[in-house]
Amino acid sequence: MKIQKLKAVAAFATLAALGLGATAANAATATATARAKILRQVTLTNTSDLQFGTIVTGAAASTVAISSSGARTCGSGLVCSGATTAAGFTIGGTTGAVVTISVPASVSLTSGANTMTASLSASATTATLVANAGSFSVGGTLSVGANQVDGDYVGTFTATVDYQ
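All values reported here derive from a predicted model rather than from experimental measurement. (Residues numbered from 1 in each chain as written. Predicted model: local features only at pLDDT ≥ 70, side-chain atom pairs only at ≥ 80, totals over all residues. Heavy atoms only, no water.)

Draft legend 1. Here's a closer look at the layout of surface pockets. Taken as a whole, the largest pocket spans an internal volume of roughly 700 Å³. Around the largest pocket, the lining is made up of 27 residues, and of these Q51, F52, L109, Y153 and V154 lie nearest the centre. Residues belonging to the lining of the largest pocket are distributed by class as follows: 14 nonpolar, ten polar and three charged. (1 Å grid on protein atoms, 1.4 Å probe; cavity = no way out; pocket = protein on both sides within 12 Å on 5 of 7 lines; lining within 4 Å. Points joined across faces, edges and corners; volume = space filled by probe spheres on them. Nonpolar A, V, L, I, M, F, W, Y, C, P; charged D, E, K, R; others polar.)

Put into structure tokens, the structure is as follows:
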């Protein structure tokens, strides 16, 4: 008799569970919001070039440094003259957005078969755009060889900005 009671209780519990699962009373809903933030296309414009000026070489290797503000430091044994500037850039984009700034570690300057290398340094690694704009500059240190061959040395580098 106990077994029959247990079977009856188990059958009743199974029917009750099946009945509860079939009702709509267990359904639930929720809503979500779809969002998108649109940013203006970021732009970068070169406003001035990195200019080391005129350099008279010496018997020993030395350097000429241009700070990101354009100030020159002429190394030992060199004679420096002429105008100097840091490379300048303006950034366009969305007000309040933050952009990352990157420049290569160095640039090679050539005159015919002759070369010199300048290490590069940006004035900032990030910028927050104000009134849809920002700016930064790039200075560098030029390694001038002992008795560097004369010539007009030129090299190009690419600065990059991107939204964070």
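Having seen it, we continue.
Draft legend 2. How the structure looks around the sheet that holds strand β7 (residues 98–102). Spatially, three strands are ordered β10-β7-β12 in an open sheet, and the strand pairing comes out antiparallel. Sheet topology places β10 (126–128) and β12 (160–163) at the edges, where each strand pairs with a single neighbour. Across the sheet, the mean angle separating the axes of adjacent strands is 25 degrees when strand polarity is ignored. Bridge analysis of β7 against β12 gives four bridges, and the strand direction is antiparallel. (Pairing = 2+ DSSP bridges. Helix = DSSP H or I, 4+ residues; strand = E, 2+ residues; numbered from the N terminus. Axes fitted to C-alpha atoms, helices over the stretch in contact; angles between N-to-C directions.)

Draft legend 3. Local environment of the nonpolar core. With 26 residues, the main nonpolar core has F52, I91, V99, F136 and L142 as its most contacted residues. Among the elements of the structure, β3 (62–66), β6 (87–92), β7, β8 (106–111), β9 (114–122), β11 (133–144) and β12 are those that each provide at least two residues to this core. Beyond its immediate chain neighbours, meaning those up to four positions away, F52 contacts V64, I66, R72, T84, A118, G140, T141 and L142. (Core = buried A, V, L, I, M, F, W, Y, C linked by side-chain atoms within 4.5 Å. Buried < 20%, exposed > 50% of the residue type's maximum accessible area, 1.4 Å probe, protein only. Contact = heavy atoms within 4.5 Å.)

Draft legend 4. Spotlight on the environment of G77. Relative to the elements of secondary structure, G77 occurs in the loop between β4 (72–74) and β5 (79–81). For G77, a relative accessible area of 54% corresponds to the exposed category. Along the backbone, G77 and A59 are 18 residues apart, and their C-alpha atoms lie at a distance of 7.3 Å. Once you skip the residues sitting within four places of it in the chain, G77 turns out to touch V56, T57 and G58.

Draft legend 5. Molecular detail of unusual backbone geometry. Its identity as a non-glycine residue notwithstanding, A131 has a phi of 50 degrees, on the positive side. Of the residues examined, A131 reaches a relative accessible area of 63% and is grouped as exposed. Even without being a glycine, N147 presents a positive backbone phi close to 50 degrees. Mapped onto the secondary structure, N147 falls in the loop between β11 and β12.

Draft legend 6. The arrangement of the environment of C80 in detail. Considering the arrangement of structural elements, one finds C80 in strand β5. Sequence spacing of C80 and F52 is 28 residues, and the spatial spacing of their C-alpha atoms is 8.6 Å. C80 has contacts with T54, I55, V64, R72 and C74, leaving out every residue within four places of it along the chain.

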